[in-house]
Amino acid sequence: MITSILSTQDTQAVSAGADLIKAGGLVAFPTETVYGLGANGLDGAAVNRIFEAKGRPNDNPLILHVAEKEDAFPLWAAEPPFARKLMDTFWPGPLTLIYYRSDIVPDEVTAGLDTVAVRMPDNEAARALIAAAGVPVAAPSANLSGKPSPTTAAHVLQDMDGRIPLILDGGPCRYGVESTVLSLVGVPTILRPGAVTKEMLAAILGEVALAPSILQPLGAGEKAASPGMKYKHYAPNAQVLVVVGEAPAAAGRLSALYDECIAAGKRPYIAATAEALPFYDRRRCALLGTRQDPTTLCSRLFALLRELDEAADVILCEGVGTEGTGLAFMNRLLRSAGFRVEYL
Ligand code: TXA
Ligand code: MG
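Remember, it's a predicted structure, so these values are computed and weren't measured experimentally.

A. Representation of the confidence of the model for the protein chain in the model. Per-chain confidence: the protein chain averages 96 in pLDDT, with 97% of residues scoring 70 or above. By mean pLDDT, the top-scoring element of the protein chain is strand β4 (residues 63–65) (99), and the lowest-scoring one is helix α9 (residues 294–311) (95).

B. The arrangement of the layout of surface pockets in detail. In this structure, the second largest pocket spans a volume of roughly 150 Å³. In terms of lining residues, the second largest pocket is bounded by K147, P148, Q158, D159, P236, N237, L305, R306, D309 and E310. Among the elements of the structure, α6 (153–160) and α9 are those that each provide at least two residues to the lining of the second largest pocket. Ranked by residues supplied to the lining of the second largest pocket, first place goes to α9 with four residues. Here the lining of the second largest pocket is composed, by residue class, of three nonpolar, two polar and five charged. Residue-level mapping places the lining of the second largest pocket at the junction of two domains, with at least three residues from each of domain 1 (4–214) and domain 2 (239–343).

C. Local environment of empty space enclosed by the protein. Tallying each qualifying case throughout the model produces one cavity of 30 Å³ or more. Considered as a void within the structure, the largest cavity measures approximately 30 Å³ in volume. Along the walls of the largest cavity sit T180, I190, P193, G194, V196, T197, K198, G324, T325, L327 and A328, which together make up its complete lining. Each residue belonging to the lining of the largest cavity can be placed in one class, and the counts come to five nonpolar, five polar and one charged. A domain split of the lining of the largest cavity shows at least three residues from each of domain 1 (4–214) and domain 2 (239–343).

D. The pattern of salt bridges, seen in detail. In the structure shown here, the tally under the stated rule is 16 salt bridges. One salt bridge in this structure joins R127 and D122, with 4.0 Å as the shortest N-O distance. Judged by relative accessible area, which is 18%, R127 ranks as buried. Judged by relative accessible area, D122 falls into the partly exposed class, the value being 26%. Across the pair E178 and R332 runs a salt bridge, and its minimum N-O distance is 2.8 Å. Here E178, found in the loop between β8 (166–169) and β9 (180–183), pairs with R332, found in helix α10 (residues 326–336); they are 154 residues apart in sequence, far enough to count as distant. In this structure R332 comes out as buried when scored by relative accessible area, which is 0%. A single network of salt bridges, built from pairs that share partners, joins D122, E124, R127 and R174.

E. Region of interest: the nonpolar core. Counting residues in hydrophobic clusters, the biggest one holds 53 residues, and the most contacted among them are W76, W91 and L182. Every residue in contact with W76, bar those within four places of it in the chain, is listed here: M87, W91, L97, I98, Y99, Y100, R101, S102, V116 and V118. L297, C298, F329 and A337 belong to the second-largest nonpolar core, a separate cluster that totals 27 residues.

F. Up close: the packing of aromatic side chains. Under the counting rule described, the total for this entry stands at three aromatic pairs. Arranged with centres 5.1 Å apart and planes meeting at 65 degrees, the rings of Y99 and Y100 form a pair that is edge-to-face. A residue is classified by how much of its surface remains accessible, and Y99, at 13% relative accessible area, is buried.

G. Broad picture of the packing of helix α1 (residues 13–22) against helix α5 (residues 124–133). With their axes 8 Å apart at the nearest point, α1 and α5 run at an angle of 45 degrees to one another. Compared by their axis directions, α1 and α5 come out oblique. Between α1 and α5 lies a crossing whose hand is right-handed. Taken together, the residues of α5 that come into contact with α1 (itself represented by V14, G17, A18, I21 and K22) are A125, A128, L129, A132 and A133.

Cut-off values and rules
- Residues numbered from 1 in each chain as written.
- Chains lettered and ligands numbered in written order.
- Predicted model: local features only at pLDDT ≥ 70, side-chain atom pairs only at ≥ 80, totals over all residues.
- Heavy atoms only, no water.
- pLDDT = per-residue confidence, 0-100.
- Helix = DSSP H or I, 4+ residues; strand = E, 2+ residues; numbered from the N terminus.
- 1 Å grid on protein atoms, 1.4 Å probe; cavity = no way out; pocket = protein on both sides within 12 Å on 5 of 7 lines; lining within 4 Å.
- Points joined across faces, edges and corners; volume = space filled by probe spheres on them.
- Nonpolar A, V, L, I, M, F, W, Y, C, P; charged D, E, K, R; others polar.
- Domains from an automatic or database assignment.
- Salt bridge = Lys/Arg side-chain N within 4 Å of Asp/Glu carboxyl O.
- Buried < 20%, exposed > 50% of the residue type's maximum accessible area, 1.4 Å probe, protein only.
- Core = buried A, V, L, I, M, F, W, Y, C linked by side-chain atoms within 4.5 Å.
- Contact = heavy atoms within 4.5 Å.
- Phe/Tyr/Trp six-rings, centres within 6.5 Å; stacked < 30°, edge-to-face > 60°.
- Axes fitted to C-alpha atoms, helices over the stretch in contact; angles between N-to-C directions.
- Parallel < 35°, antiparallel > 145°, perpendicular 65-115°, else oblique.
- Left-handed = near helix turned anticlockwise from the far one by under 90°.

As structure tokens, then:
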């Protein structure tokens, strides 16, 4: 199959994408978080094609994307608690809401769970595509299962060339990490952190819990609140090692690890924050962003993991605190590192 790329500026692009979705096919499209791989979310056979193209385990459920707030409600069995307030505050935007599903949602989307995840993306082309398709669009991140999520159309092509007919290119994604996933069943619980932070949600919900698996691997026999958490994730081919500490100390430890790699004949690369960059001397470094604003670290992480994969076989990366969007950054980074982390 030939994979075409059309700019979202192209007037034909969105309608070509919508035609594919209506016909049961797949189309990759930009959102404000990462690129998604979309299909008709009410058609189980179309949804199965997503799992095939990604090589995704089919017990990992998908998010349904809607173009209007009102389109979310028919997908749930009842109005979720706090939903209107959350939607009015954060939609369109990087917040996914989970609640009991209605009968119209196929098992293929929920992987047999009794709940469904829904979000309204803050991207004009994405919403135009969903509206033109006329159905909720099921879409995971448009990477091969296990790889870092794509934040440009070129990343999607790396993973999906020959596997899907069309990529809509809307340029680089604004946030670069996937949406916050919030379950509204029982105590509101963040299953996956994102740009809508725990602090922002607590301001509305009061109490908000964090799934334990956000910063640690699942224990043996432990059940994942979100099935996606149990899989190897965001991993480049290179090995990723993380050191968490103040900038000068982290730079000192990472420099030592770098020198050990060189002595062992490996090709290391450092992913550094602006604050620590001056401490690495002449070692090979790539700038992630600033500790002052972890959102900058989030938006570069996946792209950097893909870029450094060519140049390095060990990626040595600084970790930061988990306040604000630091939590989303550390959640993705620790997974990409297979939880190989040192806290100084
Ligand atoms: O920003 C995003 O959310 C992107 C863009 C494309 O919208 N999508 C995305 O989808 O990240 P995906 O499939 O890569 O991640 C969805 C996560 C997975 O960890 C999955 O297990 C979880 O949400 N999930 C989906 N439905 C769920 C449910 N009913 N209960 C618990 N977890 C669920
Ligand atoms: Mg994903």
